[in-house]
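Read off the chains here:
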Amino acid sequence: MIESNRQADLLRYLQDAREALLWKLEGLSEYDVRRPLTPTGTNLLGLVKHLARVELGYFGDTFGRPFYGEEQPPPAWYVDAAEENSDMWATPDETREEIVGLYRQAWRHTDATVEALGLDAIGHVPWWPEERRETTLHHVLVRVLSDTQRHAGQADIVRELIDGSVGMLQGNTSMPPGDRDWWKNHHDRVEQAAREADGTG
């Protein structure tokens, strides 16, 4: 019987999602990694910035292992609740390198917290309601893995809207083979099926 290491399994799938998200930025201009592609402003670099904050908060502050302190105070967007969605987009003076670098630092901080404390460790999420702030590291890890996969999926769609690039992971697109004409025919077939189902086709 194969034995499973829950901690290693969760961290591996979290790392896959992290890398998939960053891959979506490769080869794009500063404009393209920042521009909003949905009415709510979803953009690639903002997703990375948001997930850096998610990991630093959940695996730092929640378990008494804050990433920021006196020697390295947090940026305004990390602590300032006055501006909604401040972690979901990058200002012109925030570089891609800074944001991606912070995200990679967050990975290391998360991994170190999981390694040091183990899945049964108890933490308190400061921004949750008082009566349910207490939680386990296992619960937080599952939650953040789910959130990261969700945002990686958003990044898939945003990147496809920018330049047509698709795929799950570098070297493993998980997409059926097909040239531009094949995908155009597939798109048209799906569109026709939708119209027929709606009675408008």
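Note: the structure precedes this text.
Residues numbered from 1 in each chain as written. Predicted model: local features only at pLDDT ≥ 70, side-chain atom pairs only at ≥ 80, totals over all residues. Heavy atoms only, no water.

Caption draft 1: Spotlight on the side chain of Thr42. As for its placement among the helices and strands, Thr42 is situated in the loop between helix H2 (30–34) and helix H3 (44–59). Residue class for Thr42 comes out buried when judged on its relative accessible area of 13%. Contacts of Thr42, omitting those with residues within four sequence positions, involve Arg35, Pro36, Leu37, Leu47 and Val158. (Helix = DSSP H or I, 4+ residues; strand = E, 2+ residues; numbered from the N terminus. Buried < 20%, exposed > 50% of the residue type's maximum accessible area, 1.4 Å probe, protein only. Contact = heavy atoms within 4.5 Å.)

Caption draft 2: Structural detail: the environment of Asp147. Tracing the backbone through its elements, the reader meets Asp147 in helix H6 (residues 137–163). If near-sequence neighbours (up to four positions away) are discounted, Asp147 is found in contact with His50, Leu51 and Val54.

Caption draft 3: The packing of aromatic side chains, seen in detail. Summed over all chains, the structure comprises seven aromatic pairs. When the ring of Tyr58 is compared with that of Trp128, the centres are 6.1 Å apart and the planes differ by 65 degrees; the resulting orientation is edge-to-face. With a gap of 70 residues between them, Tyr58 in helix H3 and Trp128 in the loop between strand E1 (122–124) and strand E2 (134–136) connect regions that are remote in the sequence. Its relative accessible area of 9% is what places Tyr58 among the buried residues. Here the aromatic cluster, defined as three or more aromatic residues joined through ring pairs, consists of Phe67, Tyr68, Trp77 and Tyr78. Residue placement shows Arg132 over the ring face of Trp128; its charged tip is 5.3 Å from the ring centre. (Phe/Tyr/Trp six-rings, centres within 6.5 Å; stacked < 30°, edge-to-face > 60°. Lys NZ or Arg CZ within 6 Å of the ring centre and 35° of its normal.)

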